[in-house]
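Each chain is listed here by its residues.
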Amino acid sequence: MRTTITVNGEARSLDLDPRTTLLDTLREHLKLTGAKKGCDHGQCGACTVLVNGVRINSCLSLAVAHDGDEVVSIEGVGTVETLHPVQQAFLTHDAFQCGYCTPGQICSTLGMLDELAAGWPSQETAPGAAPVFNDAEIRERMSGNICRCSAYPQIVAAIKDAREAMA
Amino acid sequence: MSSVNDWAAPNPVTTNRSGIIGKPVDRYEGPLKVTGTAPYAYEVQPPSPPAYGVMVGASIAVGRIAAVDTAEAEAAPGVLTVWTHLNVPAQPARGTKAHPRSTQGSKPAFESDRVTYWGQPVALVVADTLENAVAASHLVRLTYEAETPDVDFRARLADAGQPLGEQDMEVGDFDGGFAASAVKLDETWVTPIQNHCQMEPCASVVWWEGDKCVAHTSIQMVKPAQHGLAETLGIDRDAVHLLTRYIGGGFGGKGQTYDDLTLAALAARALGRPVKVAFTRQQMMHGTIHRPATVMRVRLGAEKDGRLNAFSIMTWTHCHKEGSFTEHASNFARALYAAPNRLTGHRLIKLDLPHAGPMRAPGEASGTMSLECAMDELAEQLGLDPVELRIRNEPPVDPENGRPFSQRQLVRCLKEGAQLFGWDRRLPTPGLVRDGRWLVGMGMAAAIRGNFLLPAKCSFSVDADGVITVRQGMTDIGTGTYTVLAQIAAETLGVTLGEVRVEIGDSELPPAPGSGGQFGAASAGSAALAAGMNLRRAIAELATGDPNSPLYGDDPTLVTFQDGVVAIENKSETLATLIRRAAPAGLTIEGDSRPAADMREWSTQTYGSHYCEVGVDTVTGEVRVRRMLGVFAAGRILNYKTARSQLTGGMIWGVGSALTEGNVVDPRYGSLINQDLAQYLVPVQADIGELDAIMLDEVDDKANPMGVKGVGELGNSGAGAAVANAIYNACGVRVRDYPITPDKLLAGLIAKGL
Amino acid sequence: MKAFTYERASDAKAAVRAAAETPGARFIAGGTNLLDLMKLEIEQPQHLIDVSRLPMAGIEETATGGLRLGAAATNSAVSADERVRARYPVLSEAILAGGSPQLRNKASVAGNLLQRTRCAYFYDTSKPCNKRQSGSGCGALEGLNRNAAIFGASDACIATHTSDMAVALTALCADIETLTPSGDARRFPLADLHRLPGETPHIETHLIAGELITAVVLPPPPPGAQAYRKVRDRASYAGGLASVAVAGGQVALGMVAHKPWRAEAAEAALSSGASASEAIAQELAGASPLGRNDFKIPLVARLATAVITDVAGRAA
């Protein structure tokens with residue numbers, strides 16, 4: 001099926017098998033291998049990308065269903081020469097080890113910060129109250145991204161640092 | 001080489017003139033990882049479009065494949081080939097070593113109709129697209145003659161025997177000593193099968209350049225993978241170029257290759273095009289190795305003052321019917337505490353379960369889950385603080401073999417951890433601290449892990465820009481290898497980190513043992529230091545022998561290397577100037593390192609302590625780790641940032657072992673029931689509260705010329721026991737069957753009337 | 001995945017018409033559960049009708065003082081809606097206890113209701129499962145069924161419904177609105193949506209084949225406080241062992257049955273003045289544990305007692 005998706009600001013028109021997931025479209029068709037396949041079933045978060053600004057699991061998404069959508073993968077966040085503040089903070093705080101979950105963690109962070117700014121609650125948010133930016137909220141909101149190297153404390157530190165840098 | 005064999009003599013790493021050793025610099029390859037541009041195996045772009053291979057796993061645990069019907073799969077859209085044991089290309093018999101010095105023999109895929117574990121790869125479908133390959137893999141029809149699987153570990157304990165070539169270690173008279181002890185403890189702990197769950201499933205992409213096989217795979221050890229693949233393909237070892245530049249986690253599970261590599265290579269050869277094969281997440285659970293379950297009986301006999309008189313830990317464990325792996329969960333205890341009467345050993349039963357193998361801190365991770373809880377229980381019986389009990393049993397020399405400790409700062413780890421954590425606020429009586437619906441408690445445990453040094457080689461080059469390139473067939477599985485090699489190179493040659501390149505993960509580079517057993521940094525780094533020393537000497541001789549150098553005619557042993565300048569007193573020139581003029585093609589030189597002949601005269605270990613505070617929900621039995629601190633002594637630390645990450649990661653593995661992780665076997669089918677990351681629960685971000693690791697100053701000059709030891713396993717050792725002990729202190733319930741899930745804890749809470 | 005064709009529906013009527021006319025058609029919205037199962041070939045639709053962009057993602061007030069949640073609204077949108085948070089906190093809390101933020105950003109209201117069980121024997125296609133393959137048997141019955149149902153199970157199936165959201169909606173006495181294949185709208189209580197397994201666990205709802213859920217309608221909130229609590233093996237991103245939703249005097253239990261379990265016996269006891277623990281004991285008198293899931297009896301008793309007591313205390 002002919003499908004056009006804007007990926008990292010560039011319109012990409014592809015003839016796709018309807019079975020092709022957004023993740024495999026990025027990785028196998030567009031050679032954008034930053035989004036990772038950790039489980040392929042929405043159980044790890046390594047494939048997290050932003051679709052129309054919202055973080056989702058690209059493994060549980062058919063590419064043909066995203067015709068006309070805007071996708072940002074890690075390759076659209078920053079480059080080695082010009083790291084995004086979240087990327088820089090992950091580097092500075094050693095918020096990864098093997099690095100395989102990292103692109104998903106960073107895309108998830110970007111989505112999470114927007115959700116917080118929009119006042120979306122989490123299960124750590126007091127009933128009826130606006131969410132506050134604290135460690136418990138970060139931990140809960142980043143729990144959809146598994147890091148088996150377990151850089152969890154470093155990830156929390158990086159996110160706090162990045163938010164200040166972005167302010 | 002001679003200069004690094006004299007390990008106590010100063011060398012550039014120990015002198016650390018520029019201060020780069022130990023510095024918490026960012027990861028060398030970090031910018032690539034945070035931008036998603038570090039290509040992991042499956043992401044390497046082959047020279048032409050690849051075909052996609054998908055494996056099919058057996059759906060019986062033991063038996064034979066009675067019939068194969070691949071017609072429908074072969075006729076499916078895009079399918080290029082379908083293989084089973086009936087038509088897979090011929091491979092040398094398992095274990096064949098055409099080259100006698102191969103570090104790994106042939107590992108043929110689909111070697112017969114025999115199935116020996118559930119999920120064993122039994123068929124391969126290769127197609128033009130991933131979607132077509134996956135769909136066709138569901139059309140392979142295999143008919144089995146199943147046999148009754150022999151998988152019930154707990155039911156077969158009585159049949160377990162001494163592992164081949166091993167014997168129990170007894171010192172003194174354990175039975176007599178135990179019987180005569182004033183205070184006794186005799187309890188049994190159970191740990192489940194655990195899975196590595198590396199974020200990157202095993203994967204390979206392979207193509208052929210003429211007779212040469214180029215294989216990118218995800219592997220911790222390069223040489224055995226290269227040799228094993230060459231033996232399996234029946235070709236010269238040099239005809240396999242194996243690369244593994246970025247690895248999405250290993251933890252021991254990628255210490256060996258699997259059929260993804262073999263099949264990708266065979267299919268790429270047969271089809272004349274690149275082939276990619278990856279495990280699915282579900283296939284990883286059975287198809288790669290796991291940490292086997294254990295049953296551990298711990299007996300402690302003590303005097304009333306807490307001194308251990310008799311000490312025993314006996315471990316029962318299992319491995320695959322054709323395997324020999326033993327989870328040595330008793331071994332670590334041999335060097336930990338003093339006691340005149342000691343008995344440790346293992347019993348192994350071979351089952352129709354998938355292959356057991358090493359997983360992070362093999363031995364210690366399981367073993368400390370029993371002994372370090374037993375010590376907690378004994379301390380309570382004695383009315384002693386658990387920290388004090390450990391201090392009272394501190395041995396002056398290795399209690400098993402009498403060797404002196406090269407370094408032992410266990411007591412300092414215990415004491416500093418207690419102070420920093422606020423251990424004095426712990427109430428010894430359980431169940432007294434309440435915070436809303438939570439009961440809060442603290443627990444601690446000791447950590448120990450052995451230290452190893454393996455032979456390694458490395459090459460160093462300098463080019464006309466003064467850039468140093470380190471080349472080594474080493475791996476970085478997230479451990480920080482790239483970074484510490486760069487630091488060693490920068491410090492040794494007196495250049496900045498920006499002037500160092502590191503190339504690893506390639507079978508055509510000087511061999512190194514790879515990542516495992518926390519021997520990586522020490523082994524690879526020692527060879528790097530040796531290569532760096534050799535390059536220093538070559539550069540010094542170049543300068544002092546070059547009439548155009550200001551250093552001409554001087555003693556080459558006096559040359560210093562700092563800030564990109566080679567100098568003798570006030571005579572100097574930049575390294576780049578020298579090389580550009582005197583050796584414009586650059587210089588390359590190798591170095592190697594090996595264990596010292598007298599290494600075995602010392603007991604060399606790494607140590608630590610864990611302190612943990614948990615909350616137990618008295619309504620539901622849910623546990624949350626609130627705070628955790630580890631204090632470790634592991635020789636010189638090459639990079640405090642990456643080492644801390646290794647340690648905190650290991651600690652969090654302990655949290656998983658204590659609370660959530662475990663595969664369960666359905667004996668009717670011989671399979672693990674939880675086969676994905678929704679059912680095998682590793683810790684997530686919300687499981688981890690405030691958690692940190694601290695490293696004590698230490699240099700262990702008996703370990704290697706740099707005085708470093710490893711940290712990758714150490715953080716995991718003892719961590720789970722600290723969590724379990726904190727749970728007891730919180731609510732007074734001991735659960736000795738891990739993981740401590742709400743259902744188990746709830747039973748204990750109810751029994752206590754809570 | 002088996003090959004399938006895909007279309008994006010232009011409107012709801014066209015969607016149900018297409019579903020009626022195309023063999024093997026299924027609706028897809030977020031797809032977070034359907035694609036998961038399609039990859040394992042547990043689900044094998046031949047045609048997908050994408051309803052995610054139909055104009056039924058809104059959340060609007062009803063004439064009677066309730067809220068209508070569009071079936072295609074994402075779980076995140078519902079949990080973050082200020083009206084939901086203010087008037088139906090149990091619903092927001094329940095949604096936030098399920099899945100991960102990424103999943104909730106994609107998963108729809110209707111998809112959440114129709115999600116299938118997480119029973120390990122259902123997910124492993126080599127094992128017998130009457131839900132996956134009718135008549136093949138139940139692997140879980142004699143298996144590792146720690147998380148199996150304690151209410152309303154049969155010898156054919158002991159699986160649980162694992163939605164958190166549906167438990168809260170059950171406690172809130174929500175209705176659902178649908179479009180039938182003939183294009184007629186109908187509305188019925190959510191309590192009548194899901195079935196108990198009986199001998200046909202593969203049939204999970206009372207929907208007609210090709211019927212499309214278009215909305216969930218919340219009646220005005222009942223008097224009293226509300227709360228949702230879920231017990232699970234890890235702190236987040238995990239299925240539950242048990243959950244309870246309380247809205248005033250209305251109580252529903254999760255992960256204990258093939259459907260969200262309205263605790264009618266407990267409600268009746270509460271309304272006649274029983275204590276929370278007495279009331280939930282009445283409910284649990286009807287439970288049938290299997291051995292490995294026996295712990296759910298005390299767990300549910302303690303959990304529900306705590307939450308009912310807490311809610312009553314807050315209301316007072």
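These numbers were taken from a predicted model, which means no experiment stands behind them. (Residues numbered from 1 in each chain as written. Chains lettered and ligands numbered in written order. Predicted model: local features only at pLDDT ≥ 70, side-chain atom pairs only at ≥ 80, totals over all residues. Heavy atoms only, no water.)

### Side note on the pattern of salt bridges
Counted according to the given criterion, the structure contains 78 salt bridges over all chains. For A:Asp69, the salt bridge identified is with C:Arg53, shortest N-O distance 3.0 Å. Highlighted residues: A:Asp69 in the loop between β4 (54-57) and β5 (70-72) and C:Arg53 in the loop between β3 (47-50) and β4 (59-61), drawn from two different chains. B:Glu187 is paired through a salt bridge with B:Arg736; the nearest N and O atoms lie 3.5 Å apart. Of the two residues, B:Glu187 is situated in strand β8 (residues 183-191) and B:Arg736 in the loop between α17 (719-731) and α18 (742-751); the sequence distance between them amounts to 549 residues. The class for B:Arg736 is partly exposed, based on a relative accessible area of 24%. Three or more residues joined by partner-sharing salt bridges are found here, namely B:Asp150, B:Arg156, B:Asp159, B:Lys321 and B:Asp352. (Salt bridge = Lys/Arg side-chain N within 4 Å of Asp/Glu carboxyl O. Helix = DSSP H or I, 4+ residues; strand = E, 2+ residues; numbered from the N terminus. Buried < 20%, exposed > 50% of the residue type's maximum accessible area, 1.4 Å probe, protein only.)

### Focus: the packing of aromatic side chains
Two descriptors summarise a pair of aromatic rings, namely the distance from one centre to the other and the angle between the planes of the rings. One pass over the structure, following the stated rule, counts 11 aromatic pairs over all chains. Seen in terms of ring centroids, C:Phe151 and C:Trp261 are 4.8 Å apart; in terms of plane orientation they differ by 5°. Their pairing is stacked. Taken as a pair, C:Phe151 in the loop between α8 (120-123) and α9 (165-171) and C:Trp261 in strand β12 (residues 261-262) lie far apart in primary sequence, 110 residues in all. C:Trp261 matches C:Phe151 in its accessibility class, with the two residues each being buried. Following the ring pairs from residue to residue traces out a cluster consisting of A:Tyr100, B:Tyr28, B:Tyr40, B:Tyr246 and B:Tyr482. (Phe/Tyr/Trp six-rings, centres within 6.5 Å; stacked < 30°, edge-to-face > 60°.)

### Description of the sheet that holds strand β7 (residues 185-189) of chain C
All names here are of chain C. One open sheet accounts for 5 strands, arranged β4-β5-β8-β6-β7; its pairing is antiparallel. The open sheet has two edge strands, β4 and β7, and neither has a second partner. For this sheet, the mean inter-axis angle between neighbouring strands, taken without regard to orientation, is 25°. Inspection of the sheet shows β4 paired to strand β5 (residues 67-70) by 3 bridges, in the antiparallel sense. Counted as the bridge partner of Glu-60 is Arg-68 from β5. (Pairing = 2+ DSSP bridges. Axes fitted to C-alpha atoms, helices over the stretch in contact; angles between N-to-C directions.)

### A look at the packing of helix α14 (residues 520-544) of chain B against helix α15 (residues 575-582) of chain B
All names here are of chain B. Between α14 and α15, the shortest axis-to-axis distance is 11 Å and the interhelical angle comes to 70°. Classified by the angle between their axes, α14 and α15 sit roughly perpendicular to one another. With respect to the hand of their crossing, α14 and α15 are arranged in left-handed fashion. In contact with Ile-539, Leu-542 and Ala-543 of α14, α15 contributes Leu-575, Leu-578, Ile-579 and Ala-582. Of the residues assigned to the contact of α14 with α15, the class counts are 7 nonpolar, no polar and no charged. (Parallel < 35°, antiparallel > 145°, perpendicular 65-115°, else oblique. Left-handed = near helix turned anticlockwise from the far one by under 90°. Contact = heavy atoms within 4.5 Å. Nonpolar A, V, L, I, M, F, W, Y, C, P; charged D, E, K, R; others polar.)

### Comments concerning the interface of chain B and chain A
Interface extent is often summarised as the accessible area lost during association of the parts. Contacts between the two partners involve 61 residues from chain B and, on the opposite side, 51 residues from chain A. With both chains or domains summed, chain B and chain A bury close to 4400 Å², and 55% of this area falls on carbon and sulfur atoms. For chain B, the biggest contributors to the area lost against chain A are B:Val34, B:Met199 and B:Gln685; these three give 19% of the whole. Counting only elements with at least two residues in the side of chain B that touches chain A, the list comes to α3 (30-34), α5 (130-137), α9 (281-287), α16 (640-659) and β30 (688-695) of chain B. For the side of chain B that touches chain A, the leading source of residues is α16(B), giving 9 residues. Its residues assigned to classes, the side of chain B that touches chain A shows 27 nonpolar, 20 polar and 14 charged. (Buried area = accessible area lost by both parts, 1.4 Å probe.)

### Remarks on the pairing of strand β11 (residues 250-254) of chain C
Residue and element names in this part refer to chain C. Most of β11 is tucked away: 5 of the 5 residues are buried. Both faces of β11 are covered, namely the face carrying Gln-250, Ala-252 and Gly-254 and the face carrying Val-251 and Leu-253. As paired elements, strand β10 (residues 240-247) and β11 share 5 bridges and run antiparallel to each other. Looking at the pairing, Ala-245 lines up with Ala-252 of β11. Hairpin remark: β10 followed by β11, antiparallel, with 2 residues in the connecting loop; positive phi at Gly-248, about 60°. Inspection of the sheet shows β11 paired to β12 by 2 bridges, in the antiparallel sense.

### Things to note about the domain arrangement of chain C
Residue and element names in this part refer to chain C. Domain parsing of chain C yields domain 1 (5-51) and domain 2 (59-114 + 160-315). The C-alpha centroid of domain 2 is placed 25 Å from the C-alpha centroid of domain 1. Here domain 1 packs against domain 2, burying approximately 920 Å² in sum over the two surfaces, 73% of which is carbon and sulfur. Considering only the surface of domain 1 that becomes buried against domain 2, Val-16, Gly-30 and Thr-32 emerge as the three largest contributors, covering 45% of it. The interface formed by domain 1 and domain 2 includes 0 salt bridges. Remark: the boundary between domain 1 and domain 2 carries 1 residue pair in polar contact (both at pLDDT 80 or more). (Domains from an automatic or database assignment. Polar contact = N/O pair within 3.5 Å; in protein donor to acceptor, adjacent residues only side chain to side chain.)

### Digging into the domain arrangement of chain B
Residue and element names in this part refer to chain B. Assigned domains of chain B: these are domain 1 (2-38 + 454-592) and domain 2 (406-452 + 611-751). Distance between the C-alpha centres of domain 1 and domain 2: 37 Å. Across the boundary between the two partners, domain 1 contributes 31 residues, which contact 24 residues of domain 2. Buried area between domain 1 and domain 2, both sides added, is near 2200 Å², and the carbon and sulfur share of it is 58%. Along the contact surface separating domain 1 from domain 2 lie 1 salt bridge. The closest approach of N and O atoms between Asp-26 and Lys-641, which form a salt bridge, is 2.4 Å. Those elements that place two or more of their residues in the side of domain 1 that touches domain 2 are α2 (12-15), α13 (481-493) and α14.

### As for the packing of helix α2 (residues 85-92) of chain A against helix α5 (residues 152-166) of chain A
In a pair of packed helices, the angle between the axes and the distance between the axes together describe the arrangement. Residue and element names in this part refer to chain A. Two elements in contact, α2 and α5, have axes whose closest approach is 8 Å; the angle formed by their N-to-C orientations is 140°. Regarding the angle of α2 to α5, the classification is oblique. Classified by chirality, the crossing of α5 by α2 is right-handed. Where α2 approaches α5, its residues Pro-85, Val-86, Ala-89 and Phe-90 are matched on the opposing element by Ile-155, Ala-158, Ile-159, Asp-161, Ala-162, Ala-165 and Met-166. For the contact of α2 with α5, the per-class residue count stands at 10 nonpolar, no polar and 1 charged.

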